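Results of the structural survey
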Amino acid sequence: MSKKQFKTESKRLLDLMINSIYTNKEIFLRELISNASDALDKRHYLSLTDSKYASEKPLEINLSVDKENRTLTISDNGIGMNKSELENNLGTIAHSGSLDFKDKLESANDIDIIGQFGVGFYSAFMVAKKIDVISKTVDGETNKWSSTGEDGYSIEPADKQEVGTDIVLYLRDDTEQDNYSEYLDKYTIESLVKKYSDYVRYPIVMLVEKSIPDEEKEGEYKTVEELKTLNTMVPLWRRDKKDITDEEYNSFYKSQFSDYNEPLEKIHYSIEGNVSYKALLYIPSKAPYNFYSKDYQPGLQLYSKGVFIMKDAKGLLPDYYYFVKGLIDTDDVNLNISREILQQDSQLQTLSKSISKKIKSTLVNMLTKERDKYEDFFKNFGYSLKYGTYEDYGMHKDELIDLLLFYSSKEDKYVTLKEYKERMKEGQNEIYYASGKSIEQIKKLPQIENLLAKDYEVLYFVDDIDEFVAMIVNQYDGKTFKSAQKASLDVEDEKEKETKEKLVEDNKSMLEQMSEALKDKVSEVRISSRLKSHPVCLVAQDNGISMEMEKYLAQIPTDQKAKATKILEINPDHEIFKVLQKVYDKNKDMINQYADLLYQQALLIEGFPIEDPVDFSNKICQLMQQASQM
């Protein structure tokens, strides 16, 4: 027996394969089972036209463990390899006999070739210090390929009873860092098969121990070994939808994605085209506890022809659909050499667009036909859609805008922008909204009193991102967004405007003095046209940030705190206005104290902390004393 060197830069490339390309040692079993499945596929295909390839026994993959000799064996009764094929497939790293087989048979396009002989095979050296491959062809030729992965390989004649291939792994000795003995544990092997190879089309069998009653000793049990099939073989997503019950769908979801709640919606479909794939997607009924934290790991499970490739495949979903759980099974997306990460290419982009299109159509259908169900979904994941509308400078706003819901003052429930626009008053050109921490708090805002009194519909923005969405979207179907808490809210008729202009003129000096007294706090004190029963309110100038945005930005840790430029508005129909006029006529200096008190009161109404609570309290007491003396 003579040693042969690998036909490539053997040691250097093999070291790269073992130490750098694969990041997870346990995937070696996935790769070897995939290769075995290919060998079975080839034999099955050739047996259709040539009887010599027919097998008397069922085609299967057999796993066996020998703890004493520290070996793990993966056997198949597939096509087998002769000496030349052993040398080409295993002696040349990165050479794939599976791909050669498909290339030579133009009509073999329907064969599920999933292995990567020459690449995946060498992942076994991560756990094995030596590998023997004993293979017998249908013509009876039997050889053994052997290598330690360090100094080349040898090929010599061997004995083997059945056609097929045995891959014997001599496991490495345990170290402080690595426990290689775990791959001699049958429970571990069974778990890895379930995780990576559950849907390989051929049975994966292994002798396992089982306790049964001992017929010779009443009341006692004895341990026997039985052959157990470890894999499911037929994946749920490859079955016909009409043959799958809701219970099966829900059970699969719960077990596969570790959610004790039933999913809100399932999406099961297949696509044939430039990129073909099968998909089984789910929309959860509840957001995971960490969904909006950095700890959440989004992404779909990726399978290639039923073989599990990765858990959280990035790039298959845009961020705003990260709430979707599920899996994609395709062989049309390029993986890197280790089959562990996706390559960014046009196929991936096409696949991602196709998946996104299906998710959106499902959401639109739910919105139009199952409104209550959609509202349940939106309460859990609406923030993601809003964020998607805003992110990337609004690149996705047209795709998402009709999926958004906002609470309506008129309907007292959630509505779409389309529904809002259809109800707009004649001549109304703006979509009115008000922002706050809750619906109940917004309902009490002084700024929306007149809008509601005039029967305008107001959208309640309760999420901190809502104003950012309105800012980036800017307008919907020709109607611009308008904050009820900004300066230029104009819903007055001509008569109301004339009345206001006269009031401004008659009280010009008082308003100017109040503005001067508060010049470090507000840009202006003015008469309001938006108040009905409340005495005062604060509004923000149009060309700056809103007050709600100021509160939001104040939570961000930074030395630079953005401030809204505020305007203090006074209700001319409120009794306080008459008091101001009376005070101004009798004691113009006192108006400064009143102005400050009204400003502090408006801060409290708006949810801001007052600047000096002690001073605020003292001024109230002073004014109460002065009022009693007037």
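Residues numbered from 1 in each chain as written. Predicted model: local features only at pLDDT ≥ 70, side-chain atom pairs only at ≥ 80, totals over all residues. Heavy atoms only, no water.

Comments concerning the sheet that holds strand β4 (residues 128-136)
Spatial ordering of the open sheet is given by β1-β6-β5-β4-β7-β3-β2-β8-β9, a layout of nine strands whose pairing is mixed. Every other strand in the sheet has two partners, leaving β1 (3-4) and β9 (221-229) as the edge strands with one partner each. Relative to strand β7 (residues 164-171), β4 is paired through eight bridges, and the arrangement is antiparallel. When the bridges of β7 are listed, V133 appears paired with I167. Running at roughly 25° to strand β3 (residues 71-76), helix α2 (residues 27-47) makes contact with β2 (61-66), β3, β7 and β8 (204-213) of the sheet. (Pairing = 2+ DSSP bridges. Helix = DSSP H or I, 4+ residues; strand = E, 2+ residues; numbered from the N terminus. Contact = heavy atoms within 4.5 Å. Axes fitted to C-alpha atoms, helices over the stretch in contact; angles between N-to-C directions.)

Regarding helix α15 (residues 508-517)
Every buried residue of α15 is accounted for by M510, L511, M514 and S515. The arc that holds the buried residues of α15, viewed along the axis, is 135°, so those residues lie on one side. Buried residues belonging to α15 abut α14 (494-506), β21 (524-527), β23 (566-570), α17 (575-586) and α18 (590-606). (Buried < 20%, exposed > 50% of the residue type's maximum accessible area, 1.4 Å probe, protein only. Arc of directions from axis to C-beta.)

Topic: the sheet that holds strand β10 (residues 265-271)
Here five strands make up an open sheet; going across it, the order is β10-β11-β14-β12-β13 and the pairing mixed. Two strands lie at the open edges of the sheet, namely β10 and β13 (307-313), each paired on one side alone. Sheet twist, expressed as the mean angle between neighbouring strand axes with direction ignored, is 15°. The pairing of strand β12 (residues 300-304) with β13 spans four bridges and is classified as antiparallel. Of the residues in β13, the one forming a bridge with L302 is M310. Running over the sheet, helix α7 (residues 346-369) touches β10, β11 (277-283), β12 and β14 (325-329) and is turned about 140° from β10.

Here's the deal with a negative patch on the surface
A contiguous patch of negative charge on the surface is contributed by D493, E494, E498 and E501. If you trace the backbone, E498 turns up in helix α14. (Patch = residues over 30% accessible without salt bridge, like charges linked within 9 Å, V, L, I, M, F, W, Y side chains within 5 Å. Areas by Shrake-Rupley, 256 points an atom, 1.4 Å probe, with all protein chains shown as cover. Salt bridge = Lys/Arg side-chain N within 4 Å of Asp/Glu carboxyl O. Lys, Arg positive; Asp, Glu negative; His and termini not counted. Charge placed at Lys NZ, Arg CZ, Asp CG, Glu CD.)

Remarks on unusual backbone geometry
Positive phi is not limited to glycine here, since M233 has a value of about 80°. Relative to the helices and strands, M233 resides in the loop between β9 and α6 (246-257). Accessibility expressed as a relative area gives 24% for M233, which makes it partly exposed. Backbone geometry at D412 places phi at a positive 55°, although glycine is not the residue there. For D412, the location among the structural elements is in the loop between β15 (406-408) and β16 (414-415).

Here we look at α7
For α7, built from 24 residues, the straight-helix expectation of 34 Å at 1.5 Å per residue is met to within 8% by its first-to-last C-alpha distance of 34 Å. For α7, the set of buried residues is L348, L351, S352, I355, S356, I359, T362, L363, M366 and L367. On its buried side, α7 packs onto β10, β11, β12, β14, α8 (371-394) and α9 (397-400). (Expected span 1.5 Å × (residues − 1).)

A word on the packing of aromatic side chains
All chains considered together, the criterion is met by 34 aromatic pairs. Residues F121 and W145 carry aromatic rings whose centres are separated by 5.5 Å and whose planes lie at 75° to one another, so their mutual orientation is edge-to-face. With F121 in the loop between α4 (97-104) and β4 and W145 in strand β5 (residues 142-147), this residue pair connects regions lying 24 residues apart in the sequence. The residues F121 and W145 share a single accessibility class, namely buried. A ring pair is formed by W145 and Y153, whose centres lie 5.9 Å apart and whose planes are at 20°; its orientation type is stacked. Neither residue differs from the other here; W145 and Y153 are each classed as buried. (Phe/Tyr/Trp six-rings, centres within 6.5 Å; stacked < 30°, edge-to-face > 60°.)

Quick word on the side chain of E492
Within the secondary structure, E492 sits in the loop between β20 (479-483) and α14. No salt bridge is formed by the buried E492; its nearest oppositely charged neighbour, K500, is found at 4.4 Å. Apart from residues lying up to four places away in sequence, E492 is in contact with K497, K500 and S529.

What about the packing of α8 against helix α13 (residues 466-473)?
The N-to-C vectors of α8 and α13 enclose an angle of 50°; their axes lie 9 Å apart at closest approach. Judged on the interaxial angle alone, α13 and α8 are oblique. Between α8 and α13 lies a crossing of left-handed hand. Here K386, T389, Y390, Y393 and G394 of α8 lie close against α13, whose contacting residues are D466, F468, V469, M471, I472 and V473. Split into classes, the residues belonging to the contact of α8 with α13 amount to seven nonpolar, two polar and two charged. (Parallel < 35°, antiparallel > 145°, perpendicular 65-115°, else oblique. Left-handed = near helix turned anticlockwise from the far one by under 90°. Nonpolar A, V, L, I, M, F, W, Y, C, P; charged D, E, K, R; others polar.)

Digging into the environment of Q581
Examined against the element boundaries, Q581 turns out to sit in helix α17. Taking the C-alpha atoms as reference points, Q581 and I591, ten residues apart in sequence, are found 9.0 Å from one another.

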